[in-house]
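Understanding the architecture of this molecule
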Amino acid sequence: MDDGETLPAEMCSLREVLDLVGDKWAIRVLVQLGDGPRRFSELERALAGVSRRMLSLTLRGLERNGLVTRKVYPEVPPRVEYTMTPHGAELDEPLHALSAWAAKHRAKVGEARRAYDVANA
């Protein structure tokens, strides 16, 4: 099915799904959750540069799309944990492979950017 075709209301387009898993913060949250359940504050500390609002929106989106579950424990103060669903866990291996590729090639990407900027200044 072409991405431009009309889809039934219950289906997401391929572009929508790729946008979801290609989001900067979504990828980083899913990588963190690949190591097991995390509390909001743990995720916030692990993800340098994320605002509380952006983390909240990202987690809500991942939950809405079935990749993350949110569990509230009846304690005072309430404890909330986020866990990858089995559906989301299928992304763990590809995301770790992508992260490994990025770590391996980040110097080359930086060099290419500098060369491009110098040539196109």
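Residues numbered from 1 in each chain as written. Predicted model: local features only at pLDDT ≥ 70, side-chain atom pairs only at ≥ 80, totals over all residues. Heavy atoms only, no water.

Our focus in this paragraph is the overall build of the protein. In terms of helices and strands, the protein carries six helices and three strands. Reading the helices (α) and strands (β) of the protein from amino to carboxyl end gives α-α-β-α-α-β-β-α-α. Taking 121 residues into account, the globule formula puts the C-alpha radius of gyration at 14 Å, and the protein, at 18 Å, lies well above it. Dimensions along the principal axes, computed over C-alpha positions, put the protein at roughly 60 × 40 × 25 Å. Looking at the protein residue by residue over its 121 residues, the buried ones come to 29%. Considering only contacts within the protein whose residues lie at least 6 apart along the sequence, 43% involve residues at least 24 apart. For the protein, the computed accessible surface area is about 8,700 Å², with 55% contributed by carbon and sulfur atoms. Put simply, the protein has 18 plus and 18 minus side-chain charges, and the middle of one group is 9 Å from the middle of the other. (Helix = DSSP H or I, 4+ residues; strand = E, 2+ residues; numbered from the N terminus. Rg over C-alpha atoms; globule rule 2.2 N^0.38 Å. Buried < 20%, exposed > 50% of the residue type's maximum accessible area, 1.4 Å probe, protein only. Contact = heavy atoms within 4.5 Å. Areas by Shrake-Rupley, 256 points an atom, 1.4 Å probe, with all protein chains shown as cover. Lys, Arg positive; Asp, Glu negative; His and termini not counted. Charge placed at Lys NZ, Arg CZ, Asp CG, Glu CD.)

Turning our attention to the pattern of salt bridges. Counted according to the given criterion, the structure contains five salt bridges. For the salt bridge of Glu81 with Arg79, the shortest nitrogen-to-oxygen distance reads 3.2 Å. An identical accessibility class is assigned to Glu81 and Arg79; each is buried. Counted as one network, the salt bridges with shared partners bring together Glu75, Arg79 and Glu81. (Salt bridge = Lys/Arg side-chain N within 4 Å of Asp/Glu carboxyl O.)

With that settled, the discussion passes to the sheet that holds strand β2 (residues 68–73). The three strands are arranged β1-β3-β2 in an open sheet whose pairing can be described as antiparallel. Pairing within the sheet leaves two strands with one partner each, and these edge strands are β1 (38–39) and β2. Relative to strand β3 (residues 79–84), β1 runs antiparallel, the two being bridged by two bridges. Bridge assignment links Arg38 to a residue of β3, and that residue is Tyr82. Packing of helix α2 (residues 24–33) onto the sheet brings it into contact with β1, β2 and β3, and relative to β3 it is tilted by some 95°. (Pairing = 2+ DSSP bridges. Axes fitted to C-alpha atoms, helices over the stretch in contact; angles between N-to-C directions.)

Attention shifts here to the packing of α2 against helix α6 (residues 92–119). Close contact between α2 and α6 brings their axes to 10 Å; oriented N to C, the two are set at 110°. One finds that α2 runs roughly perpendicular with respect to α6. Like other packed secondary-structure pairs, α2 and α6 cross with a definite hand, here left-handed. Of the residues in α6, those touching α2 at Ile27, Leu30 and Val31 are Leu95, His96 and Ser99. Considered class by class, the residues forming the contact of α2 with α6 number four nonpolar, two polar and no charged. (Parallel < 35°, antiparallel > 145°, perpendicular 65-115°, else oblique. Left-handed = near helix turned anticlockwise from the far one by under 90°. Nonpolar A, V, L, I, M, F, W, Y, C, P; charged D, E, K, R; others polar.)

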